[in-house]
Amino acid sequence: MPELRSRTVTHGRNMAGARALLRAAGVAREDFGKPIIAVANSFTEFVPGHTHLQPVGRIVSEAIKQAGGIPREFNTIAVDDGIAMGHGGMLYSLPSRDLIADSVEYMVNAHCADALICISNCDKITPGMLMAALRLNIPTVFVSGGPMEAGKATLVDGTVRKLDLVDAISQAVNENVSDEDIAIIEENACPTCGSCSGMFTANSMNCLTEAIGLSLPGNGSVLATHTARRALYEQAGRTVVEIANRHYGQDDHSVLPRSIATRAAFENAMALDIAMGGSTNTILHLLAAAQEAELDFDMRAIDAVSRRVPCLSKVAPNGSYYMEDVHRAGGIPAILGELYRGGLLNEDVHTVHADSLAEWLKTWDVRGGSPSAEAVELWHAAPGCVRSAEAFSQSERWETLDTDAAKGCIRSVEHAYSVEGGLAVLYGNLAEDGCIVKTAGVDESIWTFSGPAVVVESQEDAVEAILAKRIKEGDVVVIRYEGPKGGPGMQEMLYPTSFLKGRGLGKACALVTDGRFSGGTSGLSIGHASPEAASGGTIALVEDGDTIAIDIPGRRISLEVPAEVLDERRRALEAGGGYRPKNRDRQVSQALRAYAAMATSADKGAVRDISRLG
Ligand SMILES: CC(C)(O)[C@@H](O)C(=O)O
Ligand SMILES: [Mg+2]
């Protein structure tokens, strides 16, 4: 039977000092011996996805106390990609993931916590905490802050439309949209607290924790403002104590993160991701998390799943549905249920709340025949449509659920949007170790595309070229030296992709980069090109006017330049100073340079190269 880790600080005469301090922090004499549960809360007023989490930490802690644990809450940082976007702030976004993972490890190990509950939400927080959970491998439950409601606006001409953050970004550069309409869009794009309303990175990751089995059903889709989230937080608090007791009291290792997040579970999560057209960032984060779990799960494994799983849902930016619509259609268990019936899931998995996939879906899949009354009630949680930055500020209900598997928000395998999955890995001389495209967001007419390269060596230059109308129909914009090392920090290219869209080029151009994209990016946007330019990848050798050919169904990307010419260019580049951007004036802090010194490439999840630690 494993001893409570916290015994190190709660038992024995020599730990009188540690106990004295724990007492000073509110632990009662009779509580010593109960499991200490670290409550990693990512509350911050900077980020709408996290601004409502302060009371959530208290609710979770109270539930833990009631269930017989000792909650110890602490905070992590959280970067808002949407606010950091389009300027030097974005360099900090991806490195913040590893900082969060480390800070959770520091707090848990320094204080000998027995178990962990992760209150996450936005882009890097869920993956950072997931990395920590798999690194620490102590009983862990994830519970996120929930999605934002979709925006609704009435434009000057009376048109009523749904919208989100990306509309505010792209419409701002659309010369056909009036200042009055821009003001209306800005005012209404993000009406409530929560993670931005589409299938963007935050929501994608929070849905994936459900599929991996580390969070409760509904975690990824119950709206941040809805009263139904209170029960989710309370249940998460009870569950973490229950699994801690099973592990330390009954020697049950099946509740540990590495027992739950197995390769089979990662493949299921990837199948979900491909079916729902999740953010391309999920690939980076799953690769990073798999390495923490010491799992054999790489780009080839992702490629294999993407070749067999179809696209079952198209949520913004891939279509006109939002997270609130995914929820009404039965949430993540409904997508998993469709995949299960299609024979596309591994069945040898379990979760923090169910011992088998069959039990999990039987209870929670509203389309599966016998969902519990609790599940049916949960999926009725609807948007309040009132501006609010508070958790639990509304309790609207949908009158009916969307169970239309032919034309609704979530389709069956038989009625898939496309047999081609929502995400694909492409290989070729331009990306020998692979690159990523979100097929769900690409118009089918340009799944094969070929055009002349227009090369820029920074996101800023790309934005400038698009706004100065130097990019024309048919071009392939190449943005390089924006990888994990080269940026550093692998910026998201939401501004270039949104500006292409805003300038009417969304379906007319391709964009290839060694950087990455926001979950809000759509169009023929190909990222994570590996090896990156700063590591000597072929992307460093592209010249203006070279032809780049993209073939999504064939999973190929090629720079159509003879090998001898590329060799010649490589020799010249290496003789001329190596793999560095030309004329780029970028302030890079020491903290970021430290990240860059250790960063691996995107096909390895951009994690630190731990082989260098000796
Ligand atoms: C700001 C966004 C839309 O959240 C973006 O950061 C993403 O990656 O999805
Ligand atoms: Mg992001």
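Because the structure is a prediction, the values reported are computed rather than measured.

## Comments concerning the coordination of the magnesium ion (ligand 2)
- Around the magnesium ion (ligand 2), the protein contributes the donor atoms Asp-81 (OD), Asp-123 (OD), Glu-492 (OE) and Glu-492 (OE), which lie 1.8 to 2.6 Å from the metal centre.
- Its 6 donor atoms give the magnesium ion (ligand 2) angles of 55 to 176° at the centre, a pattern that matches the irregular case.
- Between consecutive donors of the magnesium ion (ligand 2), the numbers of intervening residues give the motif D-x41-D-x368-E. Of this pair, Asp-81 sits in helix α4 (residues 81-84) while Glu-492 sits in the loop between β10 (476-479) and α20 (494-502), and the two are 411 residues apart along the sequence.
- For Glu-492, a relative accessible area of 1% puts it in the buried group.

## A few points about the packing of aromatic side chains
- For the structure shown, the criterion picks out 4 aromatic pairs.
- Measuring from centroid to centroid gives 6.0 Å for Tyr-233 and Phe-392, while their planes differ by 75°, and the two rings are edge-to-face. Highlighted residues: Tyr-233 in helix α10 (residues 228-250) and Phe-392 in the loop between α18 (373-379) and β7 (424-428), separated in sequence by 159 residues.
- Pairing Trp-364 with Trp-379 gives two aromatic rings, centres 6.5 Å apart and planes at 80°, and the pair type is edge-to-face. A residue pair is termed long-range when its members are at least 10 positions apart, and Trp-364 in helix α17 (residues 357-364) and Trp-379 in helix α18 qualify at 15 residues.
- The exposure class of Trp-379 is buried, given its relative accessible area of 0%.
- The positively charged end of Arg-300 is found above the aromatic ring belonging to Tyr-427, 3.9 Å away from the centroid.
- A cation sits over an aromatic face here: Arg-411 above Tyr-417, 4.0 Å from the ring centre.

## Side note on unusual backbone geometry
- Here the bond from Gly-487 into Pro-488 is cis, since omega is -10°, no more than 30 degrees from zero.
- That bond from Ser-530 to Pro-531 is cis: its omega, -5°, falls within 30 degrees of zero.
- Tracing the chain through its elements places Pro-531 in the loop between β12 (524-527) and β13 (547-551).
- The phi angle at Asn-137 is positive, at roughly 50°, despite the residue not being glycine.
- Within the secondary structure, Asn-137 is located in the loop between α6 (125-136) and β4 (140-144).
- Relative accessible area serves as the criterion here: at 22%, Asn-137 is assigned to the partly exposed category.

## Describing the environment of Val-425
- Tracing the backbone shows Val-425 in strand β7.
- C-alpha of Val-425 to C-alpha of Ile-283: the two residues are 142 residues apart in sequence and 9.8 Å apart in space.
- Residue contacts for Val-425: discarding those within four places in its chain leaves Met-299, Ile-302, Asp-303, Ser-306, Gly-434, Cys-435, Ile-436 and Arg-555.

## Considering the pattern of salt bridges
- Within the structure shown, the criterion is met by 41 salt bridges.
- A salt bridge links Asp-31 to Lys-34; the nearest nitrogen and oxygen atoms lie 2.7 Å apart.
- Accessibility expressed as a relative area gives 18% for Asp-31, which makes it buried.
- Residue Glu-242 is joined to Arg-246 by a salt bridge in which the shortest nitrogen-to-oxygen separation is 3.6 Å. Within this pair, Glu-242 and its partner Arg-246 are both found in helix α10, separated by 4 residues, close to a single helical turn.
- Assessed through its relative accessible area of 40%, Glu-242 is described here as partly exposed.

Thresholds, definitions, all that
Residues numbered from 1 in each chain as written. Chains lettered and ligands numbered in written order. Predicted model: local features only at pLDDT ≥ 70, side-chain atom pairs only at ≥ 80, totals over all residues. Heavy atoms only, no water. Donors = N, O, S within 2.8 Å, 3.2 Å for Na, K, Ca; no water. Tetrahedral: all angles 85-135°; square planar, octahedral: opposite > 155°, others 65-115°. Helix = DSSP H or I, 4+ residues; strand = E, 2+ residues; numbered from the N terminus. Buried < 20%, exposed > 50% of the residue type's maximum accessible area, 1.4 Å probe, protein only. Phe/Tyr/Trp six-rings, centres within 6.5 Å; stacked < 30°, edge-to-face > 60°. Lys NZ or Arg CZ within 6 Å of the ring centre and 35° of its normal. Contact = heavy atoms within 4.5 Å. Salt bridge = Lys/Arg side-chain N within 4 Å of Asp/Glu carboxyl O.

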